[in-house]
Amino acid sequence: MRRPTFCTAVALLLTAADTAALTLCNPFDPQTLAEYETSLAREHPAFPHRRPEELAASTTPVLLLDVREAEEFAISHLDGAIHVAPDVSASALRRQLAALRGKLAPDTEVLFYCSVGYRSSKLAERVRKELAAAGYPRVANLRGGIFAWTNRGLPVVDADGPTRAVHPYNACFAPLLQRPPAAAPR
C-alpha cells in the first residue's frame, strides 16, 4: 500500500471553506484585473465584454444586472442596476425580466456584472440562449466588473445615493480595487 503524499494528507484535512479560499488565491490564477478581464473574455467568447468607458458613454438602452451577493449590492452598485442572485435559474431570470417588459425598449441590452466579471460571465453564458428566446438577444458582460468601473472613477450608488464604497468580495480580490474597500475582506 502506498503512503499518502504530503499534499494528499493536507487536502484531507482541509474543510470545504479552506479549499474554496485556496482556490480563490491560487497562484496560477490571474493576478491583475487586466489579466482577469482578458481571461474571462477568452473563456466566454459567445457575448461581448463591454469596457466601462464604452458603457458609460452609451446612449442605447441597457438593463444592468448586478450578479453579486445581496451584501455586496447593498454597499454599492451601478445606478439603476437590479440585483440578481449569482445562482438564479434561467427561467426565474426570464420571469423577473418579464415583469419589466413594458418598461424596457425592444432593443435593450441585458448587461451582467459582478466584482471582476467571473460570476457575471458564468451567468450570462448559462442564460443567454433562454434570454434570446424570450426576446432579449443582446446579452453582454461588463469587462472587469464593478472593480474596473470604479477604478476608472465612474460613479456607484447605494440606497442613499452616490458613494465611494465598494465591497472587496474577499481578501484575494481586495488588492484589485484602487480605492480602499468598504468592508473588511472575508
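Counting restarts for each chain, with residues numbered from 1 along the sequence as it is written. Residue-level local features of this predicted model are given only where pLDDT is at least 70; pairs of side-chain atoms are given and counted only at 80 or more, and the full residue set underlies all totals for whole chains, interfaces and linings. Values shown for side chains rest on all heavy atoms present in the structure; no hydrogens or waters enter the calculation.

Trainee: Could you clarify how one ought to interpret the overall build of the chain in this entry?
Mentor: In terms of helices and strands, the chain carries 8 helices and 7 strands. To sort residues, take the accessible area from a 1.4 Å probe on protein chains only and compare it with the maximum for the residue type: under 20% means buried, over 50% means exposed, and anything in between is partly exposed. Out of the 186 residues in the chain, the part that is buried amounts to 42%. Any two residues whose heavy atoms approach within 4.5 Å are treated as being in contact. In the chain, 67% of the contacts between residues at least 6 apart in sequence involve partners at least 24 apart. Per-residue and other accessible areas were derived by the Shrake-Rupley procedure at a 1.4 Å probe size, with only the shown protein chains allowed to occlude residues. Counting only carbon and sulfur atoms, one obtains 59% of the accessible surface of the chain, whose full area is about 10200 Å². The secondary structure listing takes helices from DSSP runs of H or I that are at least 4 residues long and strands from runs of E that are at least 2 residues long, numbered from the N terminus.

Trainee: Quick question: what am I supposed to make of unusual backbone geometry here?
Mentor: Peptide bonds are trans in most cases, and residues, glycine excluded, mostly fall at negative phi. Although it is not a glycine, Y169 adopts a positive phi angle of roughly 70°. Its place among the elements puts Y169 in the segment after β7 (161–163).

Trainee: Whenever I open this one, the nonpolar core confuses me. Can you help?
Mentor: What tends to happen in soluble globular proteins is that the nonpolar side chains get buried as a cluster. Core analysis: the biggest nonpolar cluster contains 23 residues, and L78 and F147 have the highest contact counts within it. Breaking this core down by element, the ones donating at least two residues are α3 (33–43), β4 (109–113), β5 (139–142) and α8 (145–151). The element that contributes the greatest number of residues to this core is α8, accounting for 4 residues. Beyond its immediate chain neighbours, meaning those up to four positions away, F147 contacts L33, S115, V116, V166, H167, P168, F173, L176 and L177. Buried Ala, Val, Leu, Ile, Met, Phe, Trp, Tyr and Cys residues that are joined via side-chain atoms within 4.5 Å together make up what is termed a nonpolar core. Judged by nonpolar contacts, the second largest core, of 20 residues, contains A90, L93, L97 and V127.

Trainee: It is not clear to me how the confidence of the model for the chain should be interpreted in this structure. Could you clarify?
Mentor: Any region with low pLDDT has predicted coordinates that should not be read closely. Averaged over every residue, the pLDDT of the chain is 84; residues scoring 70 or more account for 80%. Predicted confidence is poor over residues 1–23, with pLDDT under 50, and the contacts of this stretch with residues over four places away or in other chains come to 3 contacts. Every residue is assigned a pLDDT by the predictor, reflecting its confidence on a scale from 0 to 100.

Trainee: Help me understand the pattern of salt bridges in this model?
Mentor: A side chain with one charge may pair with a side chain of the opposite charge, provided their charged atoms come close. By definition, a salt bridge exists where a carboxyl oxygen of Asp or Glu is found within 4 Å of a side-chain nitrogen of Lys or Arg. Considering all chains together, one arrives at 9 salt bridges under this definition. A salt bridge links R94 to E130; the nearest nitrogen and oxygen atoms lie 2.1 Å apart. Of this pair, R94 sits in helix α6 (residues 90–98) while E130 sits in helix α7 (residues 118–133); the two residues are 36 residues apart in sequence, bridging distant segments of the chain. The exposure class assigned to R94 is partly exposed, which follows from its relative accessible area of 31%. Taking the relative accessible area as the measure of exposure, E130 reaches 28% and is therefore partly exposed. What emerges from the salt-bridge pattern is a single network uniting R50, E54, E109 and R138.

Trainee: How do you make sense of the pairing of strand β2 (residues 62–66) when you look at a structure like this?
Mentor: Two faces belong to every sheet, and in a regular strand the side chains alternate between them. Most of β2 sits out of view: 4 of its 5 residues are buried. Note that β2 and β4 share 5 bridges and pair parallel. Across the sheet, residue L65 finds its bridge partner in β4, namely F112. Strand pairing follows a simple DSSP-based rule, namely that at least 2 bridges must link the two strands. Bridging between β2 and strand β3 (residues 82–83) involves 2 bridges; their strand directions are parallel. Pairing of D66 across the sheet is with H83, part of β3.

Trainee: Teacher, can you tell me more about α7 here?
Mentor: In an α-helix, one turn spans 3.6 residues, which is why side chains three or four residues apart end up on the same side. Taking 1.5 Å of rise per residue, 16 residues should cover 22 Å, and α7 covers 24 Å from first to last C-alpha, within 8% of that figure. For α7, the principal kink sits at V127 and spans about 50°. Looking at the buried side of α7, the elements it contacts are α3, β1 (49–50), α5 (70–75), α6, β4 and β5. Just past α7, the residue G135 takes up positive phi, approximately 100°. By this rule, a helix spans an expected 1.5 Å times one less than how many residues it contains. A residue's bend is given by the angle between axes fitted to the 7 residues ending at it and the 7 residues starting at it.

Trainee: How should the sheet that holds β1 be read in this particular structure?
Mentor: Read from one edge of the open sheet, 5 strands run β1-β5-β4-β2-β3, paired in parallel fashion. With partners counted over all chains shown, the strands left at the sheet margins are β1 and β3, one partner each. With 2 bridges joining them, β1 and β5 adopt parallel strand pairing. Pairing of R50 across the sheet is with L142, part of β5. Here the axes come from fitting lines to C-alpha atoms, over the contacting stretch only for helices, and the angles between their N-to-C directions go from 0 to 180 degrees. Across the sheet, α6 is in contact with β2, β3 and β4; its angle to β2 comes to roughly 135°. Docked against the sheet, α7 engages β1, β4 and β5, running at close to 155° with respect to β4.

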